[in-house]
Amino acid sequence: MKKLLVIGSLNLDCVVNVDHTPVAGETIICDSMNMIPGGKGANQACAAGKLGADVTMLGAVGKDMYADIQKSSLSQAGVDISHLVERDKESTGLAIITVNAEGDNSIIVIQGANATLSEKDIDDNLELIRQSDIVIFQLEVPLETVLYAAKKAKEFEKTVILDPAPVPKEFPEELYRYIDIIKPNETELGMLTGIDNPEQHLKEAVDCLKKKGVKDVLVTLGDKGVYLEDKNSETERIPAMKVQAVDTTAAGDSFTAALAIMLAEGKSLREAAIFANYVSAIVVTRKGAQSSIPTLEEVKRYIEQKEMAV
Ligand code: RIB
């Protein structure tokens, strides 16, 4: 089995369900707050584990109860957590999340230990990178570390996948050269390319990323599905699944993980994206980040049901 490595963030999500997302200056009241393991990197690793992959997570946590919750969730999902680094002085990352009645979220991340993941941590784990087949990144850990690790992964001829979330103010142009597959959503695509309303100019925006050095581009467009353009400039539009969304948290993270797993199994980009589309369709119908991620059996059952309904 091919080996996946996720390098990135781990957070404990403090989630409140609200009727509407508060606007500036507004105070709103809700009933309760749930603490759920999250973080874009950890969500990707958790999804890969639940979907049956051989996956390792490299990231930084504090020595606190939040890290214990996170480690327990990842271990239960089958993720190798032996390469997590523990910091004495920083707390594990936290995320404050509101989810409104439409299932849309707003997220504030308190970086904590995530901000300390360093080039030294990458150097300490070069053998791990060397032994992996696909290395997956997001951008909630220092950009210099992502750049350094992606460069190393490429030197070792690994497949590099980037979920460019959150998009930084200044995206390091050099990073594009080390990315095989990038998976922005439509907002992120606009921020990366400077193209307004990228949904109306998909090909132009995607070609802009390809000119910078990326090979394959997948754009998740919410209820408008997924647009992909591969290294041979073949394009494809995969329609969205019709579902009642209750919480979109971790849908993108799970999509990326599911895509990676299918590619590791030798599926085409199109086949991998179709599978990933099913996975994120399930995720949005459930509450929370790692709590919403399905197992492989659940996804297979879901696909069977959908195919029988056609
Ligand atoms: O993508 C969702 C994730 O973003 C949440 O779990 C939160 O921790 C933030 O990292």
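Reference entry: report on the structure contained in this document.

Describing the packing of aromatic side chains
Applying the stated rule across the entire model yields 2 aromatic pairs. Residues Phe171 and Tyr176 carry aromatic rings whose centres are separated by 4.5 Å and whose planes lie at 35 degrees to one another, so their mutual orientation is tilted. Given a relative accessible area of 12%, Phe171 falls into the buried group. Residue classification places Tyr176 among the buried residues on the basis of a relative accessible area of 1%. Pairing Tyr278 with Tyr302 gives two aromatic rings, centres 6.2 Å apart and planes at 85 degrees, and the pair type is edge-to-face. In this pair, Tyr278 is assigned in helix α10 (residues 269-283) and Tyr302 in helix α11 (residues 296-309), connecting sequence segments 24 residues apart.

Overview of α10
It helps to recall that an α-helix has 3.6 residues per turn; residues three or four apart then point in one direction. Over its 15 residues, α10 runs 21 Å from end to end, which matches the ideal 21 Å to within 8%, given 1.5 Å per residue. A large share of α10 lies buried, amounting to 12 of its 15 residues. Within α10, the full set of buried residues consists of Leu269, Ala272, Ala273, Phe275, Ala276, Asn277, Tyr278, Val279, Ser280, Ala281, Ile282 and Val283. Buried-residue contacts for α10 involve β11 (181-182), β12 (216-220), β13 (226-229), β14 (235-238), α9 (251-264) and α11.

Details of the layout of surface pockets
Its volume calculated, the largest pocket comes out at about 1,200 Å³. As for the largest pocket, its lining consists of 46 residues, and the residues nearest its centre are Gly222, Thr248, Ala251, Gly252 and Val284. When contributions to the lining of the largest pocket are tallied by element, the ones reaching two or more residues are β2 (11-17), α1 (40-50), β7 (93-99), β8 (105-110), α7 (186-193), α9 and α10. Of the residues assigned to the lining of the largest pocket, the class counts are 19 nonpolar, 15 polar and 12 charged. Considered as a void within the structure, the second largest pocket measures approximately 270 Å³ in volume. The wall of the second largest pocket is formed by 13 residues, among which Thr159, Ile181, Asp216, Lys231 and Leu263 lie closest to the centre. Among the residues making up the lining of the second largest pocket, the classes are represented as 5 nonpolar, 1 polar and 7 charged.

Regarding the pattern of salt bridges
For the structure on display, the rule yields 19 salt bridges. Linking Lys203 and Asp207 is a salt bridge whose minimum nitrogen-to-oxygen distance equals 3.2 Å. Of the two residues, Lys203 and Asp207 both sit in helix α8 (residues 202-211), 4 residues apart, roughly one turn of that helix. Classification of Lys203 as partly exposed rests on a relative accessible area of 39%.

Some points on the sheet that holds β7
Ordered by their spatial adjacency, 4 strands build an open sheet running β3-β2-β7-β8, and the pairing between neighbours is mixed. On the outer flanks of this sheet lie β3 (34-38) and β8, each paired with one strand and no other. On average, each strand axis in the sheet is inclined to that of its neighbour by 25 degrees, with strand direction left out of account. Of the strand pairs in this sheet, β2 and β7 are connected by 7 bridges, and their pairing is parallel. Looking at the pairing, Asn11 lines up with Gly93 of β7. Sitting on the sheet, helix α2 (residues 65-76) touches β2, β3 and β7, and the angle it makes with β3 is about 60 degrees.

Here we look at a nonpolar patch on the surface
There is a patch of nonpolar side chains on the surface, built from Met33, Met35 and Met65 and spanning about 300 Å² of accessible area. As for its position among the elements, Met65 is in helix α2.

Digging into the state of the cysteines
Scanning the entire structure with this criterion turns up 0 disulfides. No disulfide involves Cys30; its nearest neighbouring cysteine sulfur is the one of Cys14, lying 12 Å away. On the basis of relative accessible area, Cys30 is assigned to the partly exposed category, the value being 29%. Cys46 takes part in no disulfide bond, and the closest cysteine sulfur, belonging to Cys14, lies 17 Å away. The class of Cys46 is buried, set by a relative accessible area of 1%.

A short note on the site of the ligand
In the vicinity of the ligand there are 14 residues, among which Asp13, Gly39, Lys40, Glu140 and Asp253 approach most closely. Within the contact set of the ligand, an oxygen atom lies 3.0 Å away from a side-chain nitrogen or oxygen of Asn11. Take Asp253: an N or O atom from its side chain is 2.8 Å from an oxygen atom of the ligand. Compared with its free state, where it exposes 280 Å², the ligand has 96% of that area covered by protein.

Remarks on the nonpolar core
Judged by nonpolar contacts, the single largest core of 53 residues is most densely connected at Leu4, Leu218 and Leu259. When near neighbours in sequence (up to four residues on either side) are disregarded, Leu259 contacts Ile181, Leu218, Leu269, Ala272, Ala273 and Ala276. Leu128, Leu162, Val217 and Val219 belong to the second largest nonpolar core, which has 42 residues in total.

Notes on the packing of α9 against α10
Where α9 contacts α10, the two axes come as close as 8 Å, and the packing angle between them is 145 degrees. Of the two possible hands of crossing, α9 and α10 adopt the one that is right-handed. Across the interface between the two elements, Ala251, Ser254, Phe255, Ala258, Leu259, Met262 and Leu263 of α9 pack against Leu269, Ala272, Ala273, Phe275, Ala276, Asn277, Val279, Ser280 and Val283 of α10.

How each quantity is defined
- Residues numbered from 1 in each chain as written.
- Predicted model: local features only at pLDDT ≥ 70, side-chain atom pairs only at ≥ 80, totals over all residues.
- Heavy atoms only, no water.
- Phe/Tyr/Trp six-rings, centres within 6.5 Å; stacked < 30°, edge-to-face > 60°.
- Buried < 20%, exposed > 50% of the residue type's maximum accessible area, 1.4 Å probe, protein only.
- Helix = DSSP H or I, 4+ residues; strand = E, 2+ residues; numbered from the N terminus.
- Expected span 1.5 Å × (residues − 1).
- Contact = heavy atoms within 4.5 Å.
- 1 Å grid on protein atoms, 1.4 Å probe; cavity = no way out; pocket = protein on both sides within 12 Å on 5 of 7 lines; lining within 4 Å.
- Points joined across faces, edges and corners; volume = space filled by probe spheres on them.
- Nonpolar A, V, L, I, M, F, W, Y, C, P; charged D, E, K, R; others polar.
- Salt bridge = Lys/Arg side-chain N within 4 Å of Asp/Glu carboxyl O.
- Pairing = 2+ DSSP bridges.
- Axes fitted to C-alpha atoms, helices over the stretch in contact; angles between N-to-C directions.
- Patch = residues over 30% accessible without salt bridge, like charges linked within 9 Å, V, L, I, M, F, W, Y side chains within 5 Å.
- Areas by Shrake-Rupley, 256 points an atom, 1.4 Å probe, with all protein chains shown as cover.
- Disulfide = S-S within 2.5 Å.
- Near = heavy atom within 4 Å.
- Polar contact = N/O pair within 3.5 Å; in protein donor to acceptor, adjacent residues only side chain to side chain.
- Core = buried A, V, L, I, M, F, W, Y, C linked by side-chain atoms within 4.5 Å.
- Left-handed = near helix turned anticlockwise from the far one by under 90°.

Function cannot be read off these values alone, since they describe shape.
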